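Spelled out, the chains give:
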Amino acid sequence: MSVARVTEIISSSKKSFEDAIENGVDRACKTLKNVQGAWVQDQKVVVEDGKITEYRAVLKVTFILED
């Protein structure tokens with residue numbers, strides 16, 4: 001029987017939401033063992049002087065706990 005845990009991470013990118021999501025999943029896989037999936041809970045942008053300067057993604061990452 002497997003037991004999974006879900007953790008929330010926030011990642012960012014200067015380029016796009018897609019890049020922010022990829023950055024978040026890549027970093028999660030480097031830190032957490034047995035990552036099985038992720039879903040985007042929220043997306044946000046940082047605006048300065050009327051222009052988007054940063055894209056942020058709030059991710060829920062699922063990973064399997066070791067015995």
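Counting of residues starts from 1 at the beginning of each chain's written sequence and follows it residue by residue. Given that the model is predicted, a residue must reach a pLDDT of at least 70 before its local features are reported, and side-chain atom pairs must reach 80 or more before they are shown or counted; all residues, however, enter totals for whole chains, interfaces and linings. Computation of side-chain values covers all heavy atoms of the structure but excludes hydrogens and water.

**Looking at unusual backbone geometry**
One non-glycine residue, asparagine 34, adopts positive backbone phi at about 65°. Here asparagine 34 is to be found in the loop between helix H1 (17-31) and strand E2 (35-48). One non-glycine residue, aspartate 49, lies in positive phi territory at about 55°. For the purposes of this entry, the term helix denotes a DSSP run of H or I that reaches at least four residues, the term strand denotes a run of E that reaches at least two, and both are numbered from the N terminus. Within the fold, aspartate 49 resides in the loop between E2 and strand E3 (51-64). Exposure remark for aspartate 49: the relative accessible area of 82% places this residue in the exposed category. For the exposure calls, accessible area comes from a 1.4 Å probe over protein chains only, and a residue counts as buried if that area is under 20% of its type's maximum, exposed if over 50%, partly exposed in between.

**Here we look at the sheet that holds strand E1 (residues 4-13)**
The strand order across the open sheet formed by three strands is E1-E3-E2, and the pairing between neighbours is antiparallel. A single partner strand is all that each edge strand has here, and the edge strands are E1 and E2. Within this sheet the neighbouring strands show an average axis-to-axis angle of 15°, counted without direction. Note on pairing: DSSP must find at least two bridges between two strands before they are called paired. Here E1 runs beside E3; their pairing, made up of ten bridges, is antiparallel. When the bridges of E3 are listed, threonine 7 appears paired with valine 61. The contact rule is simple, with two residues in contact once any of their heavy atoms fall within 4.5 Å. In this analysis, axes come from line fits to C-alpha atoms, helices being fitted only over the stretch in contact, and the angle between any two N-to-C directions falls in the range 0 to 180 degrees. Along the sheet, H1 makes contact with E1, E2 and E3, crossing E1 at roughly 135°.

**Notes on the packing of aromatic side chains**
Classification of ring pairs uses Phe, Tyr and Trp, with its six-membered ring standing for Trp, and accepts pairs whose centres are within 6.5 Å; under 30 degrees between planes counts as stacked, over 60 as edge-to-face, and the remaining range as tilted. All chains considered together, the criterion is met by one aromatic pair. Relative to tyrosine 55, the ring of phenylalanine 17 has its centre 5.1 Å away and its plane inclined at 75°; by these criteria the two rings are edge-to-face. With a gap of 38 residues between them, phenylalanine 17 in helix H1 and tyrosine 55 in strand E3 connect regions that are remote in the sequence. Judged by relative accessible area, phenylalanine 17 falls into the partly exposed class, the value being 24%.

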